[in-house]
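Now for the letters of each chain:
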Amino acid sequence: MTSQTDKEYIKRVLDGNTNAFSYFVDTYQNLAFTVAIRVLKDREQAEDVVQDAFIKCYHSLASFKGDSKFSTWLYRIVYHSALDKCRKNDRNILSETIEEYSYDQVDDVANALDILESEERVKLVKDALERLEAEEQTIVTLYYFDDLSIKEIAEVVEISAQNVKIKLFRARKKLFTILKNKQGLYKNI
């Protein structure tokens, strides 16, 4: 599952070339940070978690079996480190209630967003994502922004693939509700 390039760099690091680990930091730091900030909602804490996760990853590299993608393994470390930090902070995560909408209406979110300008759309989606629970934010981010499969996301958050599908659907419904309430764009729906 792990890409050939990742395998080569893993071998280099395990053979004693510690500088080769910078490849992983350069390649995966942005999404690792995105995963952490979705859970923690605090830039400094997210940066600390990502740094700690890379250190854990480095020290545990010999135990990486390659059954999943390297990125999936790393994101799992980041996700669980962020959850641990969040628990330590005893943070309450804002949650939106789900209004009753049909499957077709939830799918219309993508069509309705095409009306908005690109920059405005990005800001709106980021704001809406911030209102989801940490696990939902992570699932949506990994699915839509990192193009991970349902199976890979299930490995990262350590829940079943079916549960990922359910949580992804619910998160989309919540996003629809948030966007509907923010913009009033969907009067004709």
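Residues numbered from 1 in each chain as written. Predicted model: local features only at pLDDT ≥ 70, side-chain atom pairs only at ≥ 80, totals over all residues. Heavy atoms only, no water.

1. Concerning the pattern of salt bridges
In the structure shown here, the tally under the stated rule is 8 salt bridges. Among the ionic pairs, Asp15 bridges to Lys11, the shortest N-O distance being 2.8 Å. The salt bridge partner of Glu47 is Arg43, with a shortest N-O separation of 3.4 Å. Linking Glu47 with Arg43, this pair stays in helix 3 (residues 43-60), spanning 4 residues, or about one helical turn. A relative accessible area of 37% places Glu47 in the partly exposed class. Judged by relative accessible area, which is 53%, Arg43 ranks as exposed. (Salt bridge = Lys/Arg side-chain N within 4 Å of Asp/Glu carboxyl O. Helix = DSSP H or I, 4+ residues; strand = E, 2+ residues; numbered from the N terminus. Buried < 20%, exposed > 50% of the residue type's maximum accessible area, 1.4 Å probe, protein only.)

2. What to know about the nonpolar core
Counting residues in each nonpolar core, the largest one holds 53 residues, and the members touching the most others are Phe24, Phe70, Leu74, Tyr75, Val78 and Leu142. Every element with two or more residues in this core is listed here: helix 1 (4-14), helix 2 (22-40), helix 3, helix 4 (70-89), helix 6 (118-130), helix 7 (134-145), helix 8 (150-157) and helix 9 (161-183). The element best represented in this core is helix 2, accounting for 11 residues. (Core = buried A, V, L, I, M, F, W, Y, C linked by side-chain atoms within 4.5 Å.)

3. Describing the packing of aromatic side chains
Overall, the coordinates contain 13 aromatic pairs when judged by the stated rule. With centroids separated by 5.7 Å and ring planes inclined at 85 degrees, the aromatic side chains of Phe64 and Phe70 adopt a geometry described as edge-to-face. Over the ring of Tyr9 we find Arg12, and its NZ or CZ is 4.5 Å from the ring centre. (Phe/Tyr/Trp six-rings, centres within 6.5 Å; stacked < 30°, edge-to-face > 60°. Lys NZ or Arg CZ within 6 Å of the ring centre and 35° of its normal.)

4. So, the packing of helix 7 against helix 8
Helix 8 packs onto helix 7 with a crossing angle of 145 degrees between their chain directions and a minimal axis gap of 10 Å. Seen along the crossing, helix 7 lies across helix 8 with a hand that is right-handed. Contact residues: helix 7 offers Glu135, Thr138, Ile139, Leu142 and Tyr143, while helix 8 offers Ile150, Ile153, Val156 and Val157. (Axes fitted to C-alpha atoms, helices over the stretch in contact; angles between N-to-C directions. Left-handed = near helix turned anticlockwise from the far one by under 90°. Contact = heavy atoms within 4.5 Å.)

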